[in-house]
Amino acid sequence: NAGVIQTPRHKVTGKGQEATLWCEPISGHSAVFWYRQTIVQGLEFLTYFRNQAPIDDSGMPKERFSAQMPNQSHSTLKIQSTQPQDSAVYLCASSLVWGGTETLYFGSGTRLTVL
Amino acid sequence: GDQVKQSPSALSLQEGTNSALRCNFSIATTTVQWFLQNPRGSLMNLFYLVPGTKENGRLKSTFNSKESYSTLHIRDAQLEDSGTYFCAAEPGANTGKLTFGHGTILRVHP
C-alpha cells in the first residue's frame, strides 16, 4: 500500500498561469478530500468527493479553483490564473468510508509557489 | 474566534516524561481525529474518536462531547514523537469535513 500519492511534490508558477495538482487515493477508498495548509490560516477544507461524486465544495474559492474526480483512482485540483495568495501546501486525503468511520489518510502534499 | 482551540501552542519535553495536549471545541463536534505532522510535512493519523477513550502504545486520547474537549496524552516521550500535533473536529457523522486546530508544536529533547 503506497498510501495517498500526490504529484508533483513542488510546483512553481508565475502569476496568472494555471496549476494542476494530482492525487491518487489509496486503492479501495471511496472518499477523497482536498485541504490547503498555510502558516497564517492553518489547515483548511476545500472539497470532498465520495464515490467520485462531489459532495461538499464549500471551502473552494468560487473563482479560479475547480476539482474533478474522473475515476476512482485519481482526482485533480486545478487553479486558473494563479495568484501569490494561492501559495500553500495542497493536501489530498482519502478514507475508506466503511463502518461509519472516516479516518483520513493524507498524502505528502504539493507545495505550490506562485511568484 | 477559533472554532477548534488547541493548547499549548508549543511544548518542550524531556525524553521519558509525560504530557497532555488539549483541544476545546466551540462548534458541534461528532467525531475527533488527531494527527501528527512530521518535519517533512507528512500528516499521520493517530486516532479517530467518537465520545470515549482510545489507547495506542504510549498514546491515549479522550473525547468528551458533553464538555466539548479532547485530550491527547503522551507517556514516556521519545525523540521521534517530535512534530506538530493537530486535532480536528467533524461536525456531523460522515460529513468528511474536518475543522482543524492550529496545532501544538512538540519538541522532545534528550
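Scroll up a little and you will see the structure.
Presented here is a report on the structure given in the accompanying data block. Quantities reported herein were computed from a predicted structural model and do not represent experimental measurements. (Residues numbered from 1 in each chain as written. Chains lettered and ligands numbered in written order. Predicted model: local features only at pLDDT ≥ 70, side-chain atom pairs only at ≥ 80, totals over all residues. Heavy atoms only, no water.)

**Quick notes on the interface of chain A and chain B**
- The interface of chain A with chain B comprises 21 residues on the first partner and 17 residues on the second.
- Summed over both sides, the interface between chain A and chain B buries roughly 1500 Å², with carbon and sulfur atoms accounting for 53% of that surface.
- Of all residues in chain A, the largest losses of buried area upon contact with chain B belong to Leu43(A), Glu102(A) and Phe106(A), amounting jointly to 31% of the total for that side.
- Taken together, chain A and chain B are joined by one salt bridge.
- When the shortest N-O distance is used, the salt bridge between Asp56(A) and Lys97(B) registers 3.9 Å.
- Counting across the interface, chain A meets chain B through five residue pairs in polar contact (both at pLDDT 80 or more).
- For the side of chain A that touches chain B, the secondary structure elements donating two or more residues are strand 4 (31–38) and strand 5 (42–50) of chain A.
- Element by element, the count of residues in the side of chain A that touches chain B is highest for strand 5 of chain A, at five residues. (Contact = heavy atoms within 4.5 Å. Buried area = accessible area lost by both parts, 1.4 Å probe. Salt bridge = Lys/Arg side-chain N within 4 Å of Asp/Glu carboxyl O. Polar contact = N/O pair within 3.5 Å; in protein donor to acceptor, adjacent residues only side chain to side chain. Helix = DSSP H or I, 4+ residues; strand = E, 2+ residues; numbered from the N terminus.)

**Notes on the packing of aromatic side chains**
- Going through the model one piece at a time under the given rule, you end up with nine aromatic pairs over all chains.
- Ring centres of Phe35(B) and Phe100(B) lie 5.6 Å apart, and the angle between their planes is 40°; on these two criteria the pair is classed as tilted. Residue Phe35(B) is found in strand 4 (residues 31–37), and its partner Phe100(B) is found in strand 10 (residues 99–100); the two are separated by 65 residues along the sequence.
- Relative accessible area serves as the criterion here: at 0%, Phe35(B) is assigned to the buried category.
- Since its relative accessible area comes to 7%, Phe100(B) is described here as buried.
- Taken together through their ring pairs, the aromatic side chains of Tyr35(A), Phe45(A), Phe106(A), Phe35(B), Phe86(B) and Phe100(B) make up a single cluster. (Phe/Tyr/Trp six-rings, centres within 6.5 Å; stacked < 30°, edge-to-face > 60°. Buried < 20%, exposed > 50% of the residue type's maximum accessible area, 1.4 Å probe, protein only.)

**Observations regarding the layout of surface pockets**
- Of the voids in this model, the largest pocket is the one considered here, and its volume is about 660 Å³.
- What lines the largest pocket is a set of 32 residues, and nearest its centre among them are Gln37(A), Thr38(A), Ile39(A), Gln37(B) and Phe86(B).
- Listed by contribution, the elements that provide at least two residues to the lining of the largest pocket are strand 4, strand 5, strand 9 (88–95) and strand 11 (110–114) of chain A together with strand 1 (4–7) and strand 9 (83–90) of chain B.
- In terms of residues, the lining of the largest pocket owes the most to one element, strand 11 of chain A, which gives four residues.
- Taken together, the residues that form the lining of the largest pocket break down as nine nonpolar, 18 polar and five charged. (1 Å grid on protein atoms, 1.4 Å probe; cavity = no way out; pocket = protein on both sides within 12 Å on 5 of 7 lines; lining within 4 Å. Points joined across faces, edges and corners; volume = space filled by probe spheres on them. Nonpolar A, V, L, I, M, F, W, Y, C, P; charged D, E, K, R; others polar.)

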